[in-house]
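Remarks on the overall topology
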There are 2 protein chains.
Amino acid sequence: MMAGDRGAGGDDVRVAVLASGRGSNFEALCRGDTGRGRVVLLVSDNPEAPVLKRALELGVESMYLSPGKYRTRFSESAEENWTGIMRDRGIQLVCLAGLMRIIKGPMISEYGGRIMNIHPSLLPSFPGLDAQEKALSYGVTISGCTVHYVDAGVDTGPIILQRSVPVLDDDDVRSLSDRILEQEHIAYPQAVKLHCDHRLSISGRRVLSGLKRGDVP
Amino acid sequence: MMAGDRGAGGDDVRVAVLASGRGSNFEALCRGDTGRGRVVLLVSDNPEAPVLKRALELGVESMYLSPGKYRTRFSESAEENWTGIMRDRGIQLVCLAGLMRIIKGPMISEYGGRIMNIHPSLLPSFPGLDAQEKALSYGVTISGCTVHYVDAGVDTGPIILQRSVPVLDDDDVRSLSDRILEQEHIAYPQAVKLHCDHRLSISGRRVLSGLKRGDVP
């Protein structure tokens, strides 16, 4: 399964990123410190996605794959196809990065507990679409981002880590989204590193990362 | 209405605190910088509440008033009585500080938009009882506290300010509650000061406190 294409990197963890849009989190995962994690594959459900061009520039294998006929989820056969492509390439960790589509069937069966997503709010507040707009309308003064494992629900899986940002009086969706995105670019590589370096353990639905009371001032 | 009992303090804002328990937030409101706000009354629905003793020590007028026959809310006549007592004393702002009882009728009519509560989570996550336990069980890595105006719902009113804390691997309800409580003691006086010094304005359900993009590094 291990491609061994990095010489001494035989114990690298092979990571695929699935994305629909710009791909700034894809780039953060390629450029950031992900420990033993190596992004070796980018798959998009959108043939026009700028992230495909970015993958070419970064020298990462990339492809558009059809998601099937639905708008917000995969057809069963398409999800099987995506999963098979990743299996063939020895992918060990799947990172969703702005994939505008719900995963339900074959991918969860094959990669359960090894699929991550990043969401632009402090979950469980504001799951689903337009999280930044919901946070602004609700009137929170702190928001942020959440990296979590994916389960069969929408943004309900166990949380790996969160980072917070202030919400300011004159914020609009654009400015708040940009401020959260900066934290996403820090949080996502951190979470991948913790996973790939086997630093995470699960207790109930809590993900423990080793940070204890004595470690914090 | 203004008692004028502080000499030059003729424009003080007279604050009542309603509490059922220990009263650490009551003490924080008495000792902290609340701007023009002055805590002049403490009312408890629990004749055994340690907060009553603390009020005596701090020289703040205090009383136990019956909440009526229900366990988690006021009887209509009791809520009228509490409201009348506050009206008679010229109370202009009501701060709930661990009041284990829902306010619905006469007090909202009389003091709507001038009742605050503090809640030990980053709302809208984990409203209601046992917020710290819910946060631990859910597995968030950031929690905190929220000061908000009270409306007819449970922990649903417009948010004035929030402060965050990390959740650590070895936290239990006690240690997380203590960490959040430290932030409550900072947040609550701040929120009262913003209100009493007329620094807050409402836009939709957002409470604006004057912090703008240029102010933040």
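The preceding data block contains the structure.
Here's a quick rundown of the structure. (Residues numbered from 1 in each chain as written. Chains lettered and ligands numbered in written order. Predicted model: local features only at pLDDT ≥ 70, side-chain atom pairs only at ≥ 80, totals over all residues. Heavy atoms only, no water.)

With that settled, the discussion passes to the sheet that holds strand β6 (residues 142-149) of chain B. Whenever strands of a sheet pair, they do so through backbone hydrogen bonds, lying parallel or antiparallel. All names here are of chain B. Pairing is mixed across the open sheet formed by 7 strands, whose spatial order is β3-β2-β1-β4-β5-β6-β7. Across the chains shown, the open sheet's two edge strands, defined by having one partner strand only, are β3 (61-64) and β7 (159-166). Sheet twist, expressed as the average angle between the axes of neighbouring strands with direction ignored, equals 20 degrees. In this sheet, strand β5 (residues 115-119) lies alongside strand β4 (residues 93-96) in parallel orientation, the contact comprising 3 bridges. Directly across from V94, in β5, lies its bridge partner I115. Across the sheet, helix α3 (residues 76-88) lies against β1 (13-19), β2 (37-44), β3 and β4, angled at about 150 degrees from β2, the strand it touches most. (Pairing = 2+ DSSP bridges. Helix = DSSP H or I, 4+ residues; strand = E, 2+ residues; numbered from the N terminus. Axes fitted to C-alpha atoms, helices over the stretch in contact; angles between N-to-C directions. Contact = heavy atoms within 4.5 Å.)

Chain B puts 37 residues into the contact, and the matching count from chain A is 37 residues. Of all residues in chain B, Y138(B), D169(B) and R213(B) bury the most surface against chain A, accounting for 24% of the area lost on that side. On the surface where chain B and chain A come into contact, there are 4 salt bridges. Our enumeration of links across chain B and chain A arrives at 17 residue pairs in polar contact (both at pLDDT 80 or more). For the side of chain B that touches chain A, the elements supplying multiple residues, two or more each, are α5 (131-138), β7, α6 (173-196) and β9 (206-208) of chain B. (Buried area = accessible area lost by both parts, 1.4 Å probe. Salt bridge = Lys/Arg side-chain N within 4 Å of Asp/Glu carboxyl O. Polar contact = N/O pair within 3.5 Å; in protein donor to acceptor, adjacent residues only side chain to side chain.)

The two copies are related by a screw motion: chain B maps onto chain A through a turn of 180 degrees and a shift of 0.0 Å along the axis, at an RMSD of 0.0 Å. Taken together, these values place the two copies in the relation of a two-fold axis. Of the C-alpha atoms belonging to chain B, the one lying closest to the rotation axis is found on S125(B), 2.7 Å away. Comparing interface residues between copies, 100% of those in chain B also sit at the interface in chain A, which points to an isologous, same-surface contact. (Least-squares fit on C-alpha atoms with pLDDT ≥ 70 in both.)

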